[in-house]
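Listed below are the residues making up each chain.
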Amino acid sequence: MEQVKANLYPCAHCEGSGTCKSGANESSCAACIKNNELKGKEHVGLACGTCGGLGMAEPYTERLNKRTKPLLAMGIVFIMLIIVSGLAFTKNPHFTEVLAFATTLIGGIVAYYFAGSKHAST
Ligand SMILES: [Zn+2]
Ligand SMILES: [Zn+2]
């Protein structure tokens, strides 16, 4: 089983403080002001928009992985369902075998991602 681990690193934008000071006179930058949905140009001590005020951020690739993997799993489940229903409609002689295989595969994927998302949220 693959271990999905969140490797957090100190946020480059706020230098790990969680507060944006990239603007003039230690004020928050335009991007973070926008992120906090505030108007005006001078805001001091806003939560960093890059890491959401945590001071820690996830590497981009890891965020991408977390997003694409469940999508891929959903895609596989979807395709399997189409194949199974297709075989059922055409009364394919291998239907029961494929159904058993698909059920195992779908069950495995669902169990894996259900358990995976529980661990990742902690
Ligand atoms: Zn930050
Ligand atoms: Zn900022």
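Structure report, in brief. The structure displayed is predicted, hence computed values, not measured ones.

Criteria and thresholds
- Residues numbered from 1 in each chain as written.
- Chains lettered and ligands numbered in written order.
- Predicted model: local features only at pLDDT ≥ 70, side-chain atom pairs only at ≥ 80, totals over all residues.
- Heavy atoms only, no water.
- Core = buried A, V, L, I, M, F, W, Y, C linked by side-chain atoms within 4.5 Å.
- Buried < 20%, exposed > 50% of the residue type's maximum accessible area, 1.4 Å probe, protein only.
- Helix = DSSP H or I, 4+ residues; strand = E, 2+ residues; numbered from the N terminus.
- Contact = heavy atoms within 4.5 Å.
- Donors = N, O, S within 2.8 Å, 3.2 Å for Na, K, Ca; no water.
- Tetrahedral: all angles 85-135°; square planar, octahedral: opposite > 155°, others 65-115°.

A short note on the nonpolar core
Piece 1. The biggest cluster of nonpolar side chains holds seven residues, and these are Ala73, Val77, Met80, Val84, Ala102, Ile106 and Ile109.
Piece 2. Here this core takes four residues from helix α2 (residues 60-89), the largest share from any one element.
Piece 3. With sequence-adjacent residues up to four places away left out, methionine 80 is seen in contact with Phe101, Ala102, Leu105 and Ile106.
Piece 4. Grouped together as the second largest cluster of nonpolar side chains are five residues, Cys14, Cys48, Cys51 and Ala57 included.

Observations concerning the coordination of the zinc ion (ligand 2)
Octahedral metals with six donors have ideal donor angles of 90 or 180 degrees. Tetrahedral metals with four donors have an ideal donor angle of 109.5 degrees.
Piece 1. Protein coordination at the zinc ion (ligand 2): the donors are His13 (NE2), Cys20 (SG), Cys29 (SG) and Cys32 (SG), at 2.0 to 2.3 Å from the metal.
Piece 2. Mapping the donors of the zinc ion (ligand 2) onto the primary sequence yields the spacing H-x6-C-x8-C-x2-C. A residue pair is termed long-range when its members are at least 10 positions apart, and histidine 13 in the loop between β1 (9-10) and α1 (30-35) and cysteine 29 in the loop between β1 and α1 qualify at 16 residues.
Piece 3. For histidine 13, a relative accessible area of 28% corresponds to the partly exposed category.

Considering the coordination of the zinc ion (ligand 1)
Piece 1. Taken together, Cys11 (SG), Cys14 (SG), Cys48 (SG) and Cys51 (SG) make up the full set of protein donors to the zinc ion (ligand 1), lying 2.3 Å away.
Piece 2. Coordination at the zinc ion (ligand 1) comes from four donor atoms whose angles at the metal span 102 to 117°, giving a geometry best classed as tetrahedral.
Piece 3. Binding-site remark: the zinc ion (ligand 1) is held by donors from one chain whose sequence spacing is C-x2-C-x33-C-x2-C. Of the two residues, cysteine 14 sits in the loop between β1 and α1 while cysteine 48 sits in the loop between α1 and β2 (56-57), which places them 34 residues apart along the sequence.
Piece 4. With a relative accessible area of 2%, cysteine 48 lands in the buried category.

Section: the environment of alanine 31
Piece 1. Along the chain, alanine 31 falls in helix α1.
Piece 2. Separated by 17 residues in the primary sequence, alanine 31 and cysteine 48 place their C-alpha atoms 9.2 Å from one another.

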